[in-house]
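Each chain, written out:
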Amino acid sequence: ARPGAPFAMPHARAHRARASASVRASSRGARSTSSSRRRAPRRKSALFATSGSADARPWVDDVERAIPALSNVRFVMCAPQGPANVGAAARVMQNFGIYDLALVDVGPFVLTTTTRSGDATREISDEASEGEGRAPERASEVLGSEARTTPLCEEAMRYACAADWLLADAERCDDAEEALRGCSFVLATTARPRSGTPLMTAREAAERVREEAKRGKVAVLFGNERTGLTNDELSWAHAAVAIPTAGAGKICRKSLKYTGGTGPTSLNLSHAVGILAYEIFMACGGEATNGEILPEKAKLLTVDEKVTLRNEIVAARRTLDVLRSDVGASTSSASADDGDGEDGDDEDDEEIIAREERAFERILAAAPMHRSDAAALFQLSRRVTAMAKGAVVAPRDGENLLDETVVQCVRSLVDENQAVTIKSARNRLRARLGVSLTNREIARAIARAASDL
């Protein structure tokens, strides 16, 4: 029976502009010019500078001490075709504390060879809907025994980012049997149930990995992007894992491949690696975070610091009250009673002040606040307060720049011989200054503008 494809990439073609029919001939020529390079130790690449020695990666020891089960987990990628997939898989493995990677007979374009440039072009069929009935390309068919010592290509290293060291250290194997030596439990990725092999979801499988990692080495097998694991590779598995998706088990585009009763499995290979790496990380101890990622307690604002911030914000807000010095003065030329029902007509100034203070308190108490975020609010409130001290350029003592700006804006209605009402003044203030004032503040501004004529 034809094996399923557990994690196929979406239906877009990749890796174009490759060298074509001269794969074998070009590789043979490459061997004579780079044989000394390929005689380097199997697990180190001399071509690419990695992220430093083990001493430069102290987090590896830290993670394995904190979550020891992860040091007993190995990911095995069988015949991967795409260098981007290999690199991205290493990157996501490092993120979730799984540092043991084995690569089994990778595709020729994952390796550094002279076949990556040439006059002709060819395509790599590494997608779920491409190349039905064709076996995946394997470097051993092109390079023979030298395939396992040929360095990985620059594209793979580039997609690995800071995990390029993990790729350089990856064990290169000829077959799954070699990659699984020393492992006491093997989990295989698949898209459909297998006779005699228990099938689990990713979360269930992660729990099983946690238990098995206490007893010995655990391996997770990932198959080729297009064809998945072979029957021979699947035969080593004690259990299988499938990642449920939102589909309804329909045929995947033109592919005749069975896609599983839980829905079409069309995940990119590196994405599938990421999902399983995350689930295993959480099951083995990452769940201690309870899903929360909080800043250090020492960098959070304390209660007394929040009180100080609230007081400074309130003080800054009060400096922006319009014509506070005229509160209680006659506003016969424009009474607040001719308002249009907006902006708190029924509240006096003291009620508005108390309501705003409570609002600031609720905002600051809603969640923990980082000191760096609070610094911006401190700066804003203090600079607004400082601006209010610029009475030297305002016409009267006790007034600020905003007072005079508002009065001048309202006075422009008089200069244009327009009717001056609460509504017309509000519209002018919003249009020219972008500010919204209460009816009483607008009434005071109208009264001041009238008295200055």
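Summary of the structure given here. Predicted model only: the values in this text are computed from it and were never measured.

Looking at the packing of aromatic side chains
- Enumeration according to the criterion identifies 4 aromatic pairs in this entry.
- Both rings, one in Phe-96 and one in Phe-281, keep their centres 5.8 Å apart while their planes meet at 45°; by these two values the pair is tilted. In this pair, Phe-96 is assigned in the loop between helix 3 (83–95) and strand 2 (100–104) and Phe-281 in helix 10 (residues 269–284), connecting sequence segments 185 residues apart.
- Every member of this aromatic cluster is reached through a ring pair, and the members are Phe-96, Tyr-278 and Phe-281.

Things to note about the pattern of salt bridges
- This structure, assessed with the given rule, holds 21 salt bridges.
- With a closest N to O distance of 2.6 Å, Asp-62 and Arg-65 form a salt bridge. Of the two residues, Asp-62 and Arg-65 are both situated in helix 2 (residues 58–66); the distance of 3 residues between them amounts to about one turn of the helix.
- Taking the relative accessible area as the measure of exposure, Asp-62 reaches 41% and is therefore partly exposed.
- Its relative accessible area of 60% is what places Arg-65 among the exposed residues.
- In this structure, Arg-318 engages Asp-321 in a salt bridge whose closest nitrogen and oxygen atoms are separated by 2.7 Å. In terms of burial, Arg-318 and Asp-321 fall into one category: buried.

Structural notes on the pairing of strand 2
- Most of strand 2 is tucked away, with 5 of its 5 residues classed as buried.
- Burial of the side chains of strand 2 extends over both faces: Asp-100, Ala-102 and Val-104 are buried on one face and Leu-101 and Leu-103 on the other.
- The parallel pair strand 1 (residues 73–78) and strand 2, bridged by helix 3, forms a crossover whose chirality is right-handed.
- Where strand 2 meets strand 3 (residues 171–173), 3 bridges bridge the pair, whose relative direction is parallel. Each residue of the ladder has a partner; that of Ala-102, found in strand 3, is Glu-171.

Details of the environment of Cys-183
- Within the secondary structure, Cys-183 is located in strand 4 (residues 183–189).
- In this structure, the C-alpha to C-alpha distance between Cys-183 and Val-218, residues 35 residues apart in sequence, is 5.6 Å.
- Setting aside residues up to four positions removed in sequence, Cys-183 forms contacts with Lys-217 and Ala-219.

Re the pairing of strand 4
- Among the 7 residues in strand 4, 6 count as buried, and that is most of the element.
- Across 3 bridges, the pairing between strand 4 and strand 7 (residues 239–242) is parallel. The residue of strand 7 that forms the bridge with Ala-188 is Ala-240.

Section: empty space enclosed by the protein
- Tallied over the entire structure, the rule returns 3 cavities of 30 Å³ or more.
- Here the second largest cavity defines a volume of roughly 70 Å³.
- In terms of lining, the second largest cavity is formed by Arg-317, Arg-318, Asp-321, Arg-324, Asp-349, Ile-352, Ile-353, Thr-438, Glu-441 and Arg-444.
- When contributions to the lining of the second largest cavity are tallied by element, the ones reaching two or more residues are helix 11 (303–319), helix 12 (349–365) and helix 16 (439–451).
- The greatest single-element share of the lining of the second largest cavity, amounting to 3 residues, is contributed by helix 12.
- Its residues assigned to classes, the lining of the second largest cavity comprises 2 nonpolar, 1 polar and 7 charged.

Criteria and thresholds
Residues numbered from 1 in each chain as written. Predicted model: local features only at pLDDT ≥ 70, side-chain atom pairs only at ≥ 80, totals over all residues. Heavy atoms only, no water. Phe/Tyr/Trp six-rings, centres within 6.5 Å; stacked < 30°, edge-to-face > 60°. Helix = DSSP H or I, 4+ residues; strand = E, 2+ residues; numbered from the N terminus. Salt bridge = Lys/Arg side-chain N within 4 Å of Asp/Glu carboxyl O. Buried < 20%, exposed > 50% of the residue type's maximum accessible area, 1.4 Å probe, protein only. Right-handed = clockwise from strand over helix to strand, strands pointing away. Pairing = 2+ DSSP bridges. Contact = heavy atoms within 4.5 Å. 1 Å grid on protein atoms, 1.4 Å probe; cavity = no way out; pocket = protein on both sides within 12 Å on 5 of 7 lines; lining within 4 Å. Points joined across faces, edges and corners; volume = space filled by probe spheres on them. Nonpolar A, V, L, I, M, F, W, Y, C, P; charged D, E, K, R; others polar.

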